[in-house]
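Residue strings, one per chain:
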Protein chains: 2
Amino acid sequence: MTKRVHNFCAGPCTLPLSVLEEVRDEFVNYRDEGMSLIEMSHRAKAYDQVHQEAMGLALEVFEVPDDFGVMFIQGGATLQFAMVPLNLLRTGQSGGYVNSGAWGKGAITDATPHGDIYVAWDGADINFARMPQVDEINIEPNTRYLHVTSNETIGGVRMVDWPDVGVPLIADMSSDYMSRAIPWDKFDLVYGGVQKNLGPAGMAIVFIRKSILDDSNKDLARYLRYDIHLDKDSLFNTPPVFTIYLVGKVLKWMKAKGGLSVIEKEAADKAAMVYGVIDKSDGYYSSPIEPEYRSHMNVVFRLSSEELEKKFLAEAEQADLVNLKGHRSVGGCRASIYNALPVESVKALVDFMTEFRDANG
Amino acid sequence: MTKRVHNFCAGPCTLPLSVLEEVRDEFVNYRDEGMSLIEMSHRAKAYDQVHQEAMGLALEVFEVPDDFGVMFIQGGATLQFAMVPLNLLRTGQSGGYVNSGAWGKGAITDATPHGDIYVAWDGADINFARMPQVDEINIEPNTRYLHVTSNETIGGVRMVDWPDVGVPLIADMSSDYMSRAIPWDKFDLVYGGVQKNLGPAGMAIVFIRKSILDDSNKDLARYLRYDIHLDKDSLFNTPPVFTIYLVGKVLKWMKAKGGLSVIEKEAADKAAMVYGVIDKSDGYYSSPIEPEYRSHMNVVFRLSSEELEKKFLAEAEQADLVNLKGHRSVGGCRASIYNALPVESVKALVDFMTEFRDANG
């Protein structure tokens with residue numbers, strides 16, 4: 001049997017084993033075409049089927065209404081940090097940003113050279129322990145959009161309610177992408193890198209309200225223009241074929257599992273298992289995040305000392321529970337429990353946490 | 001045995017079979033890590049080794065001197081069309097562009113919104129049948145660089161001599177990347193998508209003269225900044241792990257073959273085989289490109305009628321010689337004979353061309 005560890009990596013991370021095996025089996029000679037899929041023209045019939053199917057599944061699985069379109073764009077969420085203001089901020093308009101942690105801050109840093117940007121709420125003062133209440137968000141006049149980060153991968157904090165602030169929302173959903181339903185009427189654009197819940201690194205999926213392209217900036221290189229990517233079905237230039245192919249397979253796996261509502265419930269249940277151990281540990285494990293804002297994807301927790309954390313991580317690795325170390329910028333521990341992480345891996349983790357506490361209490 | 005056709009696709013295209021088989025064999029459980037390489041953190045030891053090795057090999061195989069650095073950037077050559085002027089054109093400077101065909105024109109189109117751009121030579125009047133002579137290139141005052149396309153994938157025309165025009169050269173080498181030696185002293189920057197000679201689609205490799213970053217534009221989103229990518233060893237954000245891994249394997253294959261000089265000679269020999277059949281056909285096959293400028297990668301040719309071309313393409317496909325159709329914008333036939341296309345495939349093509357002519361003369 002194939003060796004498989006419990007992989008709690010924050011991304012890239014665990015993908016469904018059945019998908020990996022399928023890819024392996026058809027890798028060298030794709031469906032008897034006499035070549036690998038990655039050797040095929042992106043205009044070939046066999047690839048086009050893969051491409052169109054992946055686009056269709058993205059819209060279907062994420063329950064996206066008809067007035068939105070989908071785009072596959074290289075450069076991850078990070079390039080979207082630039083493309084959002086470049087395309088959407090016109091003269092006299094500004095973009096409001098929620099600073100909810102490392103990724104919210106990244107979006108602000110990268111938007112700043114390309115538009116009139118302001119911080120509509122700043123979580124730094126409360127150490128990013130929660131997301132904003134709606135009445136704490138300060139919207140300035142002439143605001144084109146409010147940019148939010150639905151889930152902070154490093155901080156482990158989650159936006160629970162999407163704020164109604166009188167302007168369209170734009171969300172970076174990279175780290176809880178397609179793990180929760182979206183009220184599309186509140187949004188003009190939703191984006192995320194695929195390398196956590198959806199596939200290998202190398203692409204963002206962007207959903208855009210089609211009507212906003214009437215007024216988007218066209219005075220940009222074509223790769224930076226949403227209208228070009230949408231109009232060309234993400235085939236304006238050579239797309240990242242292998243990534244799209246794999247994302248399509250993961251989406252099919254999600255659909256077969258029962259779709260978004262099943263995935264969303266499973267995510268909540270898996271998260272509750274880990275937070276349950278933390279909360280019942282009498283402070284042996286602790287979460288820096290206020291309970292209602294805790295991420296369903298990235299469970300951040302601490303032990304009483306760095307020394308103990310080191311021991312915890314080393315023994316976890318011995319037990320094939322890997323990548324539980326917190327991000328270098330915050331320390332501690334982090335269990336990333338994305339869609340494809342089996343519930344058995346979460347069980348193995350909570351059992352280990354309980355045993356470790358008993359042995360080192 | 002694995003079914004394998006002769007694949008003359010213009011890109012993505014043929015990769016070494018041994019590389020594909022290696023990737024398949026280690027795909028699900030990478031070197032007994034208990035996970036696929038694509039499930040691994042881009043900060044993991046096992047991936048870092050892959051990443052550093054690929055960067056090192058890119059510099060080594062392409063014989064790049066120490067004053068240049070290498071970057072892996074998503075978005076293909078097309079995003080580089082924007083990044084070059086965004087980073088390098090400062091106030092009062094302009095960029096000269098050689099319009100040598102579809103890709104030269106693409107570079108011009110995408111640079112125009114982001115800088116003061118002019119056409120230094122235009123091949124449209126001669127139907128792109130050759131590249132410019134050095135004295136035909138018109139360099140304006142305050143020119144920062146001359147941008148050239150080393151090989152036009154669609155037109156099948158090749159820049160043979162790199163023009164000395166008193167300003168640094170920048171080359172898009174996508175379609176003959178790492179198939180020929182580069183006189184680095186003439187260049188400030190060289191880039192190309194990897195999906196032809198080097199790997200699967202989803203990335204450009206950019207070589208940059210490090211000293212020019214002292215004066216590059218820093219007032220850009222970080223993904224668009226060369227200094228950030230170079231400084232962070234192309235790990236500023238999550239890199240396209242699978243693409244880099246595969247490119248590394250192809251570079252290792254190139255090195256084992258004997259390196260750039262062997263590859264360059266083989267490319268010239270393979271091209272000569274096909275042009276030989278064309279030139280000895282008494283006009284049955286014809287090339288629209290002046291002999292000395294003919295591409296070593298994309299051999300474009302016509303038959304006497306579209307009807308005959310259709311028959312040629314259909315019978316070729318029957319003989320497992322696939323993707324010989326010319327680009328939809330120019331019609332005719334095109335044999336792309338990139339580095340990884342075996343000489344046996346070229347032999348099969350020239351035999352087929354000879355037989356077809358004999359049977360349909």
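The coordinates are above.
Residues numbered from 1 in each chain as written. Chains lettered and ligands numbered in written order. Predicted model: local features only at pLDDT ≥ 70, side-chain atom pairs only at ≥ 80, totals over all residues. Heavy atoms only, no water.

### Examining the overall build of chain A
A tally of regular secondary structure across chain A gives nine helices and 13 strands. For chain A, the C-alpha radius of gyration of 21 Å lies close to 21 Å, the compact-globule estimate for 361 residues. Oriented by its inertia axes, the alpha-carbon framework of chain A measures out at about 60 × 60 × 30 Å. Taken across its 361 residues, chain A has 64% of its residues classed as buried. Taking contacts inside chain A between residues at least 6 apart in sequence as the whole, the part at least 24 apart equals 66%. Looking at chain A as shown, the accessible area adds up to about 13200 Å², and 47% of this sits on carbon and sulfur atoms. (Helix = DSSP H or I, 4+ residues; strand = E, 2+ residues; numbered from the N terminus. Rg over C-alpha atoms; globule rule 2.2 N^0.38 Å. Buried < 20%, exposed > 50% of the residue type's maximum accessible area, 1.4 Å probe, protein only. Contact = heavy atoms within 4.5 Å. Areas by Shrake-Rupley, 256 points an atom, 1.4 Å probe, with all protein chains shown as cover.)

### Side note on unusual backbone geometry
Here Gly11(A) and Pro12(A) are connected by a cis peptide whose omega angle stands at -5°. Counting through the fold element by element, Pro12(A) comes out in the loop between β1 (6-7) and α1 (17-25). Phi at Asp320(A) takes a positive value of approximately 65°, unusual for a residue other than glycine. Following the sequence through the fold, Asp320(A) ends up in the loop between α8 (306-318) and β12 (321-322). Classification of Asp320(A) by relative accessible area gives partly exposed; the value is 33%. In this structure, Glu63(B) is a non-glycine residue whose phi angle is positive, near 55°. Within the fold, Glu63(B) resides in the loop between α2 (45-61) and β2 (68-73).

### What to know about the nonpolar core
Membership of the largest hydrophobic core comes to 140 residues, with the highest contact counts inside it found for Phe62(A), Ile205(A), Phe207(A), Phe62(B), Ile205(B) and Phe207(B). Ignoring anything within four residues of it in the chain, the contact list for Phe62(A) reads Leu57(A), Met173(A), Tyr177(A), Met178(A), Arg180(A), Ile182(A), Trp184(A), Val190(A), Phe207(A) and Leu260(A). By size, the runner-up hydrophobic cluster in this structure holds 60 residues, among which are Leu86(A), Leu213(A), Tyr226(A) and Leu189(B). (Core = buried A, V, L, I, M, F, W, Y, C linked by side-chain atoms within 4.5 Å.)

### What about the side chain of Glu309(A)?
Residue and element names in this part refer to chain A. Here Glu309 lies in helix α8. Under the relative-accessibility criterion, Glu309 is labelled buried at 4%. Among the polar contacts made by the side chain of Glu309, one reaches the side chain of Arg302 at a distance of 2.8 Å. Excluding residues that lie within four positions of it along the chain, Glu309 makes contacts with Arg302, Leu303, Gly332 and Cys333. (Polar contact = N/O pair within 3.5 Å; in protein donor to acceptor, adjacent residues only side chain to side chain.)

### With respect to the interface of chain A and chain B
Frequently, the measure chosen for interface size is the accessible area that the parts lose on association. The interface of chain A with chain B comprises 65 residues on the first partner and 64 residues on the second. Taking both sides of the interface into account, the surface hidden between chain A and chain B amounts to around 4900 Å²; carbon and sulfur atoms contribute 62%. The tally of links between chain A and chain B comes to four salt bridges. One salt bridge in this structure joins Arg222(B) and Asp110(A), with 2.9 Å as the shortest N-O distance. At the boundary of chain A and chain B, one finds 24 residue pairs in polar contact (both at pLDDT 80 or more). Counting residues per element, the ones that place at least two in the side of chain A that touches chain B are α1, α3 (76-88), α4 (102-111) and α6 (241-257) of chain A. Among the elements that line the side of chain A that touches chain B, the one with the most residues is α3(A), at six residues. Within the side of chain A that touches chain B, the residues separate by chemical class into 32 nonpolar, 21 polar and 12 charged. (Buried area = accessible area lost by both parts, 1.4 Å probe. Salt bridge = Lys/Arg side-chain N within 4 Å of Asp/Glu carboxyl O. Nonpolar A, V, L, I, M, F, W, Y, C, P; charged D, E, K, R; others polar.)

### Regarding the pattern of salt bridges
Per the stated rule, a full pass over the model turns up 46 salt bridges over all chains. With a shortest N-O distance of 2.7 Å, Arg4(A) and Glu39(B) are connected by a salt bridge. Placement of the pair is Arg4(A) in the segment before β1 and Glu39(B) in the loop between α1 (17-25) and α2, with the two residues belonging to separate chains. On the basis of relative accessibility, which here comes to 26%, the residue Arg4(A) falls in the partly exposed class. On the basis of relative accessible area, Glu39(B) is assigned to the buried category, the value being 1%. Residues Lys257(B) and Glu266(B) are paired through a salt bridge, measuring 3.3 Å at the closest nitrogen-oxygen approach. For Lys257(B), a relative accessible area of 30% puts it in the partly exposed group.

### Structural notes on the sheet that holds strand β5 (residues 143-149) of chain A
Residue and element names in this part refer to chain A. Across the sheet, seven strands lie side by side as β2-β10-β9-β8-β5-β3-β4; this open sheet has mixed pairing. Strand pairing shows two members of the sheet lacking a second neighbour, β2 (68-73) and β4 (116-122), which therefore form its edges. The mean angle between the axes of side-by-side strands here comes to 20°, regardless of whether they run parallel or antiparallel. The sheet contact formed by strand β9 (residues 187-193) and strand β10 (residues 204-209) spans five bridges and is antiparallel. By the bridge assignment for β10, Tyr191 is matched with Val206. Each of β2 and β10 touches helix α2 (residues 45-61); the most contacted strand, β2, lies at about 130° to it. (Pairing = 2+ DSSP bridges. Axes fitted to C-alpha atoms, helices over the stretch in contact; angles between N-to-C directions.)

### With respect to the packing of α2(A) against α6(A)
Residues and elements named next belong to chain A. Following both chains from N to C, one finds α2 and α6 inclined at 45°, their axes separated by 9 Å at the closest point. Here α2 is positioned oblique relative to α6, judged by the angle of their axes. Relative to α6, α2 is oriented so that their crossing is left-handed. Side by side, α2 and α6 meet where Tyr47, Val50, His51, Glu53, Ala54, Leu57, Ala58, Glu60 and Val61 of the first sit next to Val241, Ile244, Tyr245, Gly248, Leu251, Lys252, Met254 and Lys255 of the second. (Parallel < 35°, antiparallel > 145°, perpendicular 65-115°, else oblique. Left-handed = near helix turned anticlockwise from the far one by under 90°.)

### Notes on helix α7 (residues 260-279) of chain A
Between its first and last C-alpha, α7(A) extends 28 Å over 20 residues, near the 28 Å set by a 1.5 Å rise per residue. Leu260(A), Ile263(A), Ala267(A), Lys270(A), Ala271(A), Val274(A), Tyr275(A), Gly276(A), Val277(A) and Ile278(A) are the residues of α7(A) that are buried. (Expected span 1.5 Å × (residues − 1).)

### Observations concerning the relation of the copies chain A and chain B
Laying chain A over chain B is done by rotating through 180° and shifting 0.0 Å along the axis; what remains is an RMSD of 0.0 Å. Viewed as a symmetry operation, the transformation between the two copies matches a two-fold axis. Interface overlap between copies: 98% of the residues of chain A at the interface are likewise at the interface in chain B, consistent with a symmetric, same-surface contact. (Least-squares fit on C-alpha atoms with pLDDT ≥ 70 in both.)

### Thoughts on the environment of Ala58(A)
All names here are of chain A. Among the secondary structure elements, Ala58 is positioned in helix α2. Along the backbone, Ala58 and Leu198 are 140 residues apart, and their C-alpha atoms lie at a distance of 10.0 Å. With near-sequence residues (within four places) excluded, Ala58 lies in contact with Val64, Val70, Met178, Phe207 and Leu251.

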